[in-house]
Structure formats: structure tokens, C-alpha cells
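A look at the structure
Listed below are the residues making up each chain.
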Amino acid sequence: MAYEELVRRYQDVAVRTAHLISPDGDAEDAVQDAFVKAYAALARFRPDAPFRPWILRIVANEARNRRRSAGRRTGLALRAAEDRRPGDAAPSPESAVLAGESRAALLAAINELRDEDREIIGARYFLELNEAETAEALGLPRGTVKSRLSRALGRLREQLAADGEASRG
Amino acid sequence: MAEQRRAIAAMDDAALAGALGDLAAAIAYPSAASGASDIAAIVRQRLVAGPPARKPSGILSWIGRRPVRRSVLVAIAAILVLAAIAGAVGLGLPGIRIVFGGPTQSAPTATPSPSPTPTPSAGSTAPAASNPVGSTMGLGTAVSLDDAARIGGLDLVLPPDPAIGPPDAVYTLADRVALVWSERPGLPADPDYGVGLLLSEFRGHVDEGYYQKTLDSSAQVKPVTVNGHAGYWISGTPHFFYYVDPSGKAVDDSHRIVGDTLIWADGDVTYRLESQLPMEAAIRLAESLR
């Protein structure tokens, strides 16, 4: 069935999306449910719209439902893989500076953010969605993505700085 | 860690963006994000096992309630743009809408193998002993030509060429009729099903419904005319069909792809001709149908 092929194309980014939104939820389970629901909703898919953000929005909603029902737990957090680097990618100047410990510090600060901030940073930087896709996937007005991202990054900086102050000495 | 945090907090915007981009590659995702779990197969099994419990809502139920002639296939269209598409283009045609997209992601484009699962709505499957051509394509229930015309509510048109003759197999699925010819001189077999010609005929209402087709990025769409009726020639790659039937259920109709496709509408009937023929020959064949 062709839908299976379609699922196959988007399942990886769907699992990443679900995981970013609900790190301690069952991302795979959320993604399965999302694709099943999307099938039933195909008629609502606008033909002139791209498919990826449409399916990611359904995935995001599934993941949020799970996050809500699971409640906030202390274990909820994104984790970094054990310093595994993509073998074929040449490190950027930034990545050379940002060694493993710095990555962990940045990730820790992201995990301290509230959900909306973590989601928009995740959508733009981790999933690499553009502004329009981010708006669609997260259910935000298109014009607000830039400002919301800017505020989220501002709070990320504050979080980084605040904790840095608190930990000093 | 405080040291690193302060260092990152002090970065300028570009450096912070770079750090976030760098972090993206390091995030530990569930193994399912790298293909460890065949979510696609699981989803297929769940869909085959039964429809989701939720009732159709919104436009689905609206469509289902429309006082559309029940026997008419409201060939609407659910459309799957198989790509991250910027600026997909829809081509309008009464009764037909075709959508195609831009570059796809690096997903494999293997031709789906014939499904071992019969289409659920087919009701029955042909006896294994005498598989007529096309029996594994999910075209529906094998019927006689007369029954097909009755079920479809159509005056079926056929190629008058005696070298082609009557179809080798006829299927109906809902009120869509599929006529299948195996290989003939001049009608080479498709590599997957051994089908020389597949002609689909069904009613799609011009006002109420539309019919859409999603194409992979490498597909070519060329506007053509068939006996003066607008149509399209679609070539280049396996493409994907979805209908939404009058009950609002999306019907995956993709098994029928056996080659390049000529699609056109004549009044409220939509025709789809699939074969290995080049465009001009396919149009000639289409224009000869009686």
C-alpha cells in the first residue's frame, strides 16, 4: 500500500519530532497513532500544502497528549548521544569550540526551558524545519515564529547565564 | 558545567545558532528514529486490521452527509504530496485535480511489491488456482463485463481493435471498473503484474468531487486532449492515488499503477489508461475507445 511507503519516508522525522516534544513519552507509539489518524484525515489535507509539516503537526499533537497525561517528571529530558559524531560531516568552527561538555551544558539548559520554548528551538535547529513548517507543525500563527524563536533563544541565554551565576563559587 | 554555560550564554546569535546546529547531530533519539522499528509496516497492519475508532469529523463527515448520489463515486481526493514541497502546483481539470511536488527527500523509491493482502473492501478474492491477470493488484472483485457495467452504472467503452479484443479480466471496487488486458502485440507487459493495458472507468462528479493524484518529483505531467477533452499524460515514476469514497473513507488506489498514465474526463466519467505505450500511442488508443 502506498501509504506505507509514505509513512516510511516520514517516520524518522516523525519519531524525532515526538521525542523532542515528549522526551520521556513513547515516541514510536505516538508516531504510530499519528499516522493511523492521519490516514483517516487525508481528505482534510490541502492539496497545495506540503505533506511533511502536516503530518508533523498530527505527530506533535499526539506527543503533547502523551506529555500531558504523563505529567511532568524529573526524568523528562533530551539526552546527547555519547559523543558520537556524524562520520562524514566536517566539524564546523562552532563545533570545534563546542566540545562534548559544552554540548551537554547547552542541552541541559534547553531541558530547563518550558515546553513551548523547547519545541520551537527543537523544530528550527534540531529538526531543521523552516519558519512556515515550524508554524504548521507546532500550530502557531505563521508570523509569530520568528519572534517566538527569538524570545525562546533569549530565555535560553538567560537560563544559561542564571545557572552559571548560581553555580559559581 | 557553569563555565561552559557562561561561555555559551556569551555567544553572539550566529555562534549560538551554530552551537544548536551542532547539538542537533548529538541528540540521542529513540532507535525507531533510525529505522530500528518498521513503523510503516505496523501502521499498515493497523489500518488493514480496522478503521480507527474515531468517527470522521469535519469535512469528512460533511462529505459523507452530502446528498450526493450514493452510487456515485465522489472521487475526491486526498492527496499526498510525497515530498517536502515548496509551492506545489495543482492543475485544474473538471473532475480531476493533479498535484505534484518538488524534490523529495532521500527516501527510497522502490516500487511497492504486489501486496499480499487483498483489498479489504474487495470482499472476495479470486481463486488461487486461476489467477486472472491483475488479481493481485487490489482492483477489487473479479466480475463479468456485463456485471461491471451494471455495477459501475456506466456504458463501458472498449478498444475496438480486434487485435486487442475483450479484456482478460474485469474488476469492480465500489463502482469503479477496471478492465485488464494481459500482454498483446503492441501492448507490452508491465514488469510487475504482466499487464498490457489497464483501463479504469468510473463516475466522478464534476461539481461535487474532484480527483487528485499525487506524483513523485520525477513524474512528468503534460496537459493533453483526448477527443477534445482535457486530460493529462503522467509519466516517469510510480505515483500514488487516493480517493475518498462517499463515506469519507480514504481509499488507497495505488496498486493500479502499471506504467505511464493517461487520464481524462468525458462528462462525469473519468478514464484512466495505464500501459507501457508512449504518449501518442496511448492517446490514439484512448481516442479509439467505443
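What you are looking at is a predicted structure, and each value in this text was computed from that prediction instead of being measured.

For chain B, the helix and strand inventory stands at 6 helices and 13 strands. Buried residues in chain B amount to 51% of all 290 residues. Long-range pairs, those at least 24 residues apart, make up 61% of the contacts in chain B between residues at least 6 apart in sequence. By element, 55% of the accessible surface of chain B is carried by carbon and sulfur atoms, the whole surface being about 12,300 Å².

Let us now look at the packing of aromatic side chains. Per the stated rule, a full pass over the model turns up 3 aromatic pairs over all chains. When the ring of Tyr10 of chain A is compared with that of Phe51 of chain A, the centres are 5.3 Å apart and the planes differ by 55 degrees; the resulting orientation is tilted. On the criterion of sequence distance, the pair formed by Tyr10 of chain A in helix α1 (residues 2-21) and Phe51 of chain A in helix α3 (residues 51-70) is long-range, its members being 41 residues apart. Classification of Tyr10 of chain A by relative accessible area gives buried; the value is 0%. Phe51 of chain A gets classed as buried once you look at its relative accessible area, which sits at 0%. Between the aromatic rings of Trp264 of chain B and Tyr271 of chain B, the centroid separation amounts to 5.3 Å while the plane-to-plane angle is 20 degrees, which identifies the pairing as stacked.

Turning our eyes to something else, we now look at the nonpolar core. Among the nonpolar cores identified, the biggest contains 69 residues, and Tyr3, Leu106, Ile121, Phe126 and Leu156 of chain A together with Leu20 of chain B are the most heavily contacted of them. Residue contributions to this core peak at 10 residues, all from α1 of chain A. When neighbours within four sequence positions are excluded, Leu20 of chain B is seen to be in contact with Leu106, Ile110, Ile121, Tyr125, Phe126, Leu153 and Leu156 of chain A. Among the nonpolar cores identified, the runner-up in size contains 28 residues, and Leu154, Val170, Leu179 and Leu289 of chain B belong to it.

Compared with the 16 Å implied by 1.5 Å per residue over 12 residues, the 16 Å span of helix α2 (residues 13-24) of chain B between its first and last C-alpha is a close match. The residue sitting at the N-terminus of α2 of chain B and contributing the capping side-chain oxygen is Asp12 of chain B; that oxygen lies 3.2 Å from the backbone nitrogen of Ala14 of chain B.

Here we take up the pattern of salt bridges. Counted by the stated rule, this structure contains 22 salt bridges over all chains. Close ionic contact of Arg5 of chain B with Glu112 of chain A constitutes a salt bridge, the shortest N to O distance being 2.8 Å. A residue pair is termed interchain when its members come from two chains, as with Arg5 of chain B in helix α1 (residues 2-9) and Glu112 of chain A in helix α5 (residues 100-112). The partner of Arg118 of chain A in a salt bridge is Asp115 of chain A, with the nearest N and O atoms 3.2 Å apart.

Our next topic: unusual backbone geometry. Even without glycine at this site, Glu128 of chain A takes up a positive phi of about 60 degrees. Within the secondary structure layout, Glu128 of chain A lies in the loop between α6 (115-126) and α7 (131-138). Positive phi, normally seen in glycine, also occurs at Asn227 of chain B, with a value near 50 degrees. Here Asn227 of chain B lies in the loop between β8 (220-226) and β9 (229-235).

For Gln4 of chain B, the position within the fold is in helix α1. Note on Gln4 of chain B: relative accessible area 16%, which makes it buried. Polar side-chain contacts of Gln4 of chain B include one of 2.9 Å to the side chain of Glu101 of chain A. When sequence neighbours within four positions are dropped, the list of residues in contact with Gln4 of chain B reads Glu101, Ser102 and Ala105 of chain A.

Residues and elements named next belong to chain B. Looking at chain B as a whole, the pLDDT averages 68, with 58% of positions reaching at least 70. Contacts from residues 205-214, a stretch scored under 50 in pLDDT, to residues over four places away or in other chains number 55 contacts. Note on the complex model: pTM 0.52, ipTM 0.84.

Attention now moves to α3 of chain A. The end-to-end C-alpha separation of α3 of chain A is 29 Å, in line with the 28 Å expected for 20 residues at 1.5 Å each. In terms of burial, α3 of chain A is a largely internal element, 14 of the 20 residues being buried.

The description of two packed helices rests on the angle between their axes and on the distance between the axes. Closest axis-to-axis distance for the α6 of chain A/α2 of chain B pair is 9 Å, and the angle between their directions is 80 degrees. The pairing of α6 of chain A with α2 of chain B is recorded here as roughly perpendicular in orientation. In this structure, α6 of chain A uses Ile121, Tyr125 and Phe126 of chain A to contact α2 of chain B, whose residues at the interface are Ala17, Leu20, Leu23 and Ala24 of chain B. For the contact of α6 of chain A with α2 of chain B, the residue count by class is 7 nonpolar, no polar and no charged.

The next thing to look at is the environment of Asp147 of chain B. Residue and element names in this part refer to chain B. Mapped onto the fold, Asp147 is located in helix α5 (residues 145-152). Judged by its relative accessible area of 31%, Asp147 falls in the partly exposed class. Between the C-alpha atom of Asp147 and that of Thr172, which follows or precedes it by 25 residues, the distance is 9.0 Å.

The rules we used
- Residues numbered from 1 in each chain as written.
- Chains lettered and ligands numbered in written order.
- Predicted model: local features only at pLDDT ≥ 70, side-chain atom pairs only at ≥ 80, totals over all residues.
- Heavy atoms only, no water.
- Helix = DSSP H or I, 4+ residues; strand = E, 2+ residues; numbered from the N terminus.
- Buried < 20%, exposed > 50% of the residue type's maximum accessible area, 1.4 Å probe, protein only.
- Contact = heavy atoms within 4.5 Å.
- Areas by Shrake-Rupley, 256 points an atom, 1.4 Å probe, with all protein chains shown as cover.
- Phe/Tyr/Trp six-rings, centres within 6.5 Å; stacked < 30°, edge-to-face > 60°.
- Core = buried A, V, L, I, M, F, W, Y, C linked by side-chain atoms within 4.5 Å.
- Expected span 1.5 Å × (residues − 1).
- Polar contact = N/O pair within 3.5 Å; in protein donor to acceptor, adjacent residues only side chain to side chain.
- Salt bridge = Lys/Arg side-chain N within 4 Å of Asp/Glu carboxyl O.
- pLDDT = per-residue confidence, 0-100.
- Axes fitted to C-alpha atoms, helices over the stretch in contact; angles between N-to-C directions.
- Parallel < 35°, antiparallel > 145°, perpendicular 65-115°, else oblique.
- Nonpolar A, V, L, I, M, F, W, Y, C, P; charged D, E, K, R; others polar.

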